[in-house]
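Spelled out, the chains give:
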Amino acid sequence: MTHDTSSFDTWLDGQQLIVAVGPGGVGKTTSAAALGAYAASRGKKTLVLTIDPARRLASALGLDGLSDAVKVVPALPALSAAMLDTKSSYDDLMRRITTAEHADRILENPAYRAFSKTMSQSHAYVAMERLHYVTRKEREDDAPTYDLVVLDTPPTSSALDILDAPGRLARFLDERIVEWFLATEGPSARAVKLLGRALGSSTVEEIVKFFQALADLREGFASRAQETIALLREETTAFVLVTAPRTTTLAAAKTLHEELSSREINVDAIFFNRAFVPEPGTFLPVHAPEEGGDELAAALRTVRAEVYGQNAHAIGEMKKFVTRASSQNGAWLLPERDADVRDVDELKGLMGSVVPLTAV
Amino acid sequence: MSAVHLFTGKGGVGKTTVAAAAAIAAAANGKRPLIIEVGHRAQMNAVFGVTTIAHKPQSVGRGVFAMCVDPDEAVTDYVVRHVKLRGIAKRITQNRVLGRFFKAAPAVQEVAVLNVVQSYAEKGKYDPILVDLDATGHAMMFLSLPQVFEGIAREGPLRALLDRFTVLLRAKTTALHIITLPQELPVEETLELNEKLVADDNVRLGSIIVNNVPSVTLTPRQRAAVFRRDDGDALLAKRALTIEHTARTLIDSLKKKIARSTIELPRLPNDPTLDELLELGRTMTEVVS
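Residues numbered from 1 in each chain as written. Chains lettered and ligands numbered in written order. Predicted model: local features only at pLDDT ≥ 70, side-chain atom pairs only at ≥ 80, totals over all residues. Heavy atoms only, no water.

Draft legend 1. Seen up close, the sheet that holds strand β2 (residues 34–37) of chain B. Residue and element names in this part refer to chain B. Strand order in the open sheet formed by 8 strands is β3-β4-β2-β5-β1-β6-β7-β8, with mixed pairing between adjacent strands. Two strands bound the open sheet, and with one partner strand each, they are β3 (58–61) and β8 (262–266). Strand-to-strand twist of the sheet, defined as the mean angle between neighbouring strand axes without regard to direction, takes the value 25°. Where β2 meets strand β4 (residues 64–68), 4 bridges bridge the pair, whose relative direction is parallel. Its bridge partner being in β4, Ile36 is matched across the sheet by Met67. (Pairing = 2+ DSSP bridges. Helix = DSSP H or I, 4+ residues; strand = E, 2+ residues; numbered from the N terminus. Axes fitted to C-alpha atoms, helices over the stretch in contact; angles between N-to-C directions.)

Written out as structure tokens, the structure reads:
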């Protein structure tokens, strides 16, 4: 790194789990992968759990194809990566937690099939179950363990989607709700009938079948959820907020930050991706236009002036942002890049171009 | 029945700005547009400079109305609308276990949002209705709700609502517009998304809206001269020209591959004013008129 980042390195070395949150379209997946690659290049055995990476990033990580298995990145063996696919991850989850016969019965249930597709914030739930699996303490197999797991979260403008994700299915399979739906007489049976008025009786019948199929697994869902929630609150877990300096994006990032604070979760670091256009050959913002020169020089200066103005606006917005949304380990800027990341070396290099907000 | 314009596209492509621009221009044409923001996004208020946008339509200026769907209130709306007997509706919405069920059950919120869009479209008080959908994956799921519930909701109010939604999505006055940026990845993803939408065939497809199209203000002679120099200014100009060229090439390929209309929106200065948005909106004739 060109700037003094020793405090950043020390912080990174102390983490076992990094959760990257941020609004959509800010390059969160790339930033999470870059952070993982950087940690791996510092000798930490790292796993990046990513959601729906762009094709080029996937191939940079060696994640071609549709499988969601963990794969070691060939060019950087300390780094492993897995891409989460909602539908197959749900099915895998069911197969993991129950007998083959029971899993088949669940997988064939029409309500399960619909819900595994629509489960709001499905990705976040699946990511959390997967996180629980890779970080589990009791292991019956020789699956690898990691010094650091970097969890990329789905684009959402609500942090609550992520924080509440581990308990989502457990809450749905809440003891009282299940009992209600499975009761055949009494006041709860009447209430379920009421629901039929709102949804249609066939719908309620299907929901009851769904509950019948999943009721036995309720406790397992609940205990895994509790463990994952505890993991998110461990000392060695860090939340990193990734955003871009656009006004609407910053507004969404601000909401995310507030929601995390409201749950007493500190943001450890803020990354501003594509924060500014760098002066050619450097990692710092373009210089101000200079006076003088011929007609061509004056014309070119207008291009520089425009870029300079955009940078100045973005830097102003970012500085304003951090006065209202703090982070314990500072705010870091990744300059605009002219091309997408194509391989692991470029991914590692990304963190080499990071600039502290205080330096611009 | 109101005209319904659905906007989708990956995060960061400017869905909110584009929907706002279209609404402002529609209002300037004497219409009464309603923007429906989905998925607690809280971005539209920043565009119009109002503190908050709540679940009920409110005037946000320039003749535009906006609302941000609150999932819990949307569920209440659904029950009140579909359970005709008031006493029973009240018993459902006030039942604590059912309340927990509604909060936790998958797809309940999506159905409730669908109900909001459907009911404003049917009432016709606001026209057009501009729906700022969440990220692409979520939008795809939203549009396929009638299929998703195929095997589950076979009769009853939910089935009826889904059937009416299917009709609405295919109406001549409804269109789903894809918003994208003239950059490699967003264009690639737009082509993939379009392929899926065409295959699913759930909704009438509208325009491809390319936002933030760059243009460099250099004459042809100056452009040629740039490539004979290698100082910082020239390198920055080359960068700008490359971005402009890439954008042009990508837009041309989009037009070739997707036969529907393509709307190009110029790159605006930071934080566009409402007047600048009006100008932008006026170029989206297919959406506004």
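Draft legend 2. Spatial organisation of the sheet that holds strand β7 (residues 267–272) of chain A. Residue and element names in this part refer to chain A. One open sheet holds the 9 strands; their spatial order is β3-β4-β2-β5-β1-β6-β7-β8-β9, and the pairing between them is mixed. Either end of the sheet is taken by a strand with one partner, and the two such strands are β3 (71–72) and β9 (355–356). Strands in contact with helix α1 (residues 6–13) are β1 (17–21), β6 (237–243), β7 and β8 (331–333); relative to β7, the strand with the most contacts, it is inclined by about 125°. (Contact = heavy atoms within 4.5 Å.)

Draft legend 3. Highlighting the interface of chain B and chain A. Residue-level contacts link 60 residues of chain B with 65 residues of chain A. Interface area, chain B with chain A, both sides summed: about 5,500 Å², of which 62% is carbon and sulfur. Here chain B is connected to chain A by 4 salt bridges. For Arg154 of chain B, the salt bridge goes to Glu206 of chain A, with nearest N and O atoms at 3.1 Å. Listed by contribution, the elements that provide at least two residues to the side of chain B that touches chain A are α3 (71–82), α4 (86–94), α5 (96–104), α8 (145–148), α9 (156–170), α10 (184–200), α11 (220–226) and α12 (232–257) of chain B. Of all the elements, α12 of chain B adds the most residues to the side of chain B that touches chain A, at 8 residues. Considered class by class, the residues forming the side of chain B that touches chain A number 32 nonpolar, 13 polar and 15 charged. (Buried area = accessible area lost by both parts, 1.4 Å probe. Salt bridge = Lys/Arg side-chain N within 4 Å of Asp/Glu carboxyl O. Nonpolar A, V, L, I, M, F, W, Y, C, P; charged D, E, K, R; others polar.)

Draft legend 4. View of the pairing of β1 of chain A. Residues and elements named next belong to chain A. Burial analysis of β1 places 5 of its 5 residues in the buried class, the great majority of the element. On β1, burial covers both faces: Leu17, Val19 and Val21 on one face and Ile18 and Ala20 on the other are all buried. Here β1 pairs with strand β5 (residues 148–152) via 4 bridges, running parallel. When the sheet's bridge partners are listed, Ile18 is paired in β5 with Val150. Sheet analysis places β1 next to β6, joined by 5 bridges and oriented parallel. Across the sheet, residue Ala20 finds its bridge partner in β6, namely Val240. (Buried < 20%, exposed > 50% of the residue type's maximum accessible area, 1.4 Å probe, protein only.)

Read these as geometric descriptors, not functional statements.
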